[in-house]
Amino acid sequence: MNNEVKINVVKAVGDSICVTDEDGKKVYDIINDALSDGKNIIISFDDVTDLTSAFLNNAIGQLYGNFDEAFIKSKLSVTDMPKNDMVILKRVVDRAKSFFDDPDHYIRVANAVLGDDSGY
Amino acid sequence: MHISIGEESLKSDYSGFKRIINLHQQIKTINSEDKLIVDMPLWFDANMCAPFGAILSILSNKNVDITLDCQDQVMEILQKNQFLPKFGFDKLSIPDDYDSTIEYFQFDVNDDNNFKKYVETHFGNNVHGFPKMSQELLRIFRGSLYEVFGNSVFHSETNHIFACGQYFYLQNRLDFSIVDLGIGFHGNINEKMNLHLSPKEAIVWAMEENQTTKKGGTVPGGLGLKLIKEFIEKNNGKMQIVTYNGYWEFSKGRTILNTFSSNFPGTIVNIEINTADSSYYFLESETDYENIF
């Protein structure tokens, strides 16, 4: 039985412009179901013309709230993605890992930032 | 009421935003029985139509009669970029033979498709008159516009978003402004994070790595503005944020913070890019592409 599935992002979104939270949710729903079934998943970004971190947060980042890092790492791969977009994806993934690991991180950084002020 | 914005050229800088804010302060109490005449400057960076139009829209909603007193060259810009016709002024649009203007538009926050169409129509190497850019630069720039628009939709708690742009061919520069009349960075952050930040402090908070108001939710966030800043630095461009009386500017590796004596009633994000940049990578390139997850 073929345990591998290829998800084409443009087909899932219905658009080559993959930029909104709603666009990302469409992809997330498919990946989430496939991961729940234990599938090996190849996510193809072929023909995507526009991409945002907001889209990737919704499509992939939020998976880290449902599945652990090791499981996602063993099941997910991407293909047909330009290097600049892969940099964004990597940042989204790293951000997602810390988001779900440490939800109070923002408080400590806020306190540090309030003491830092530069200007004219 | 007869008001002057000042004769001096109105540019996308601290002084230009200050003059827009001063205008708002003077006209915000006008009621529907009044008429307003605005003496326009001798030159107007057309992307500043976005904050200018946002301010005037508040009066349009009150059915205030507005007249803009312009020199011919400013009148021409405001016709070419559709600002005057869109506002219901009795002026037709005229073709932009130099292809230097990017249409002024007011978007409904619920209409993502309209903004997608707008970006597709105006920003592409196949668009007549669009300055030739590398495909990589164009992709990253368009992504930045979508990030900023998405931020306004998600965070501003308002109904409309205003946008306008301008090419400056001789300087290889493109400026694009996205504006909302929402609760501002501080309104959003203080409400969701139970903090007490000033508008300026709120911008600084938002620009810190990994900051987001999406705490406790199921979807991470907080990268969009940081990625844009990173891109702007590598591109040798400029990024400006005005939120209420807070001002933040990033250019040539330097961050400038300031405040205004009054508030802009929302948020302005202006992105200026160097269109002659032929770099291939715009973001951090020390990425382990084999271990994304």
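Residues numbered from 1 in each chain as written. Chains lettered and ligands numbered in written order. Predicted model: local features only at pLDDT ≥ 70, side-chain atom pairs only at ≥ 80, totals over all residues.

**Let's talk about the overall build of chain A**
Link 1 in the chain: Per the secondary structure count, chain A includes six helices and five strands.
Link 2 in the chain: The linear arrangement of helices and strands in chain A, starting from the amino end, is β-α-β-α-β-β-α-α-β-α-α.
Link 3 in the chain: Residue burial in chain A is summarised as follows: out of 120 residues, 38% are buried.
Link 4 in the chain: Long-range pairs, those at least 24 residues apart, make up 82% of the contacts in chain A between residues at least 6 apart in sequence. (Helix = DSSP H or I, 4+ residues; strand = E, 2+ residues; numbered from the N terminus. Buried ≥ 20, exposed ≤ 12 C-beta atoms within 10 Å, placed from the backbone. Contact = placed C-beta atoms within 7 Å.)

**Some details on the confidence of the model for chain A**
All names here are of chain A.
Link 1 in the chain: Of the residues in chain A, 83% have a pLDDT of 70 or more, and the chain-wide mean is 88.
Link 2 in the chain: Helix α1 (residues 9-13) holds the highest mean pLDDT among the elements of chain A, 98, whereas helix α6 (residues 105-113) holds the lowest, 56.
Link 3 in the chain: Note that residues 116-120 has pLDDT below 50 and, in this model, nine contacts with residues that lie over four places away or in other chains. (pLDDT = per-residue confidence, 0-100.)

**Describing the sheet that holds strand β4 (residues 101-108) of chain B**
All names here are of chain B.
Link 1 in the chain: If you walk across this open sheet you meet the five strands as β4-β5-β6-β8-β7, and the pairing is antiparallel. Every other strand in the sheet has two partners, leaving β4 and β7 (238-251) as the edge strands with one partner each. Averaged over all pairs of adjacent strands, the angle between their axes in this sheet comes to 15°, without regard to strand direction.
Link 2 in the chain: Looking at chain direction, strand β6 (residues 173-180) and strand β8 (residues 254-274) are connected through eight bridges and run antiparallel. Paired with Val179 across the two strands is Ile268, which belongs to β8.
Link 3 in the chain: Across the sheet, helix α8 (residues 199-207) lies against β7 and β8, angled at about 40° from β7, the strand it touches most. (Pairing = 2+ DSSP bridges. Axes fitted to C-alpha atoms, helices over the stretch in contact; angles between N-to-C directions.)

**A look at the packing of helix α1 (residues 14-27) of chain B against helix α2 (residues 49-60) of chain B**
All names here are of chain B.
Link 1 in the chain: Contact geometry for α1 and α2: axes closest at 10 Å, N-to-C directions at 5°. Relative to α2, α1 is oriented roughly parallel. Touching Ile20, Leu23, His24 and Ile27 of α1 are Pro51, Phe52, Ile55 and Leu59, all from α2.
Link 2 in the chain: Grouping the amino acids of the contact of α1 with α2 by side-chain chemistry returns seven nonpolar, one polar and no charged. (Parallel < 35°, antiparallel > 145°, perpendicular 65-115°, else oblique. Nonpolar A, V, L, I, M, F, W, Y, C, P; charged D, E, K, R; others polar.)

**A look at the pairing of strand β5 (residues 160-168) of chain B**
All names here are of chain B.
Link 1 in the chain: Most of β5 is tucked away, with seven of its nine residues classed as buried.
Link 2 in the chain: Sheet analysis places β4 next to β5, joined by six bridges and oriented antiparallel. In the sheet register, Ile102 faces β5, and the bridge partner there is Gly165.

**Overview of the sheet that holds strand β1 (residues 4-8) of chain A**
Residue and element names in this part refer to chain A.
Link 1 in the chain: Read from one edge of the open sheet, three strands run β1-β3-β5, paired in parallel fashion. The open sheet has two edge strands with one neighbour each: β1 and β5 (76-79). If you compare each strand with its neighbour and ignore which way they point, the axes differ by 25° on average.
Link 2 in the chain: Judged from the four bridges that link them, strand β3 (residues 40-44) and β5 form a sheet pairing that is parallel. Across the sheet, Ile41 pairs through a bridge with Leu76, a residue of β5.

**Structural notes on helix α9 (residues 224-235) of chain B**
Link 1 in the chain: Taking 1.5 Å of rise per residue, the 12 residues of α9(B) would be expected to cover 16 Å, and the 17 Å separating its terminal C-alpha atoms lies within 8% of that figure.
Link 2 in the chain: B:Gly224, B:Leu225, B:Leu227, B:Ile228, B:Phe231, B:Ile232 and B:Asn235 are the residues of α9(B) that are buried. Across the axial projection of α9(B), the buried residues extend over an arc of 160°, all falling on one side.
Link 3 in the chain: Contacts from the buried residues of α9(B) go to α3 (53-59) and α5 (83-101) of chain A together with α6 (135-155), α8, β7 and β8 of chain B.
Link 4 in the chain: In the segment just after α9(B), B:Asn236 is the residue with positive phi, at about 65°. (Expected span 1.5 Å × (residues − 1). Arc of directions from axis to C-beta.)

**Some words on the environment of B:Arg142**
Link 1 in the chain: Relative to the elements of secondary structure, B:Arg142 occurs in helix α6.
Link 2 in the chain: Here B:Arg142 is in contact with A:Asp50, B:Val119 and B:Phe123, once residues within four sequence places are set aside.

**Brief notes about the environment of B:Ile37**
All names here are of chain B.
Link 1 in the chain: Within the secondary structure layout, Ile37 lies in strand β2 (residues 35-39).
Link 2 in the chain: For Ile37, a count of 13 C-beta atoms within 10 Å corresponds to the partly exposed category.
Link 3 in the chain: Along the chain, Ile37 and Ser4 lie 33 residues apart, while their C-alpha atoms are 8.3 Å from each other.
Link 4 in the chain: Once you skip the residues sitting within four places of it in the chain, Ile37 turns out to touch His2, Thr67 and Asp69.

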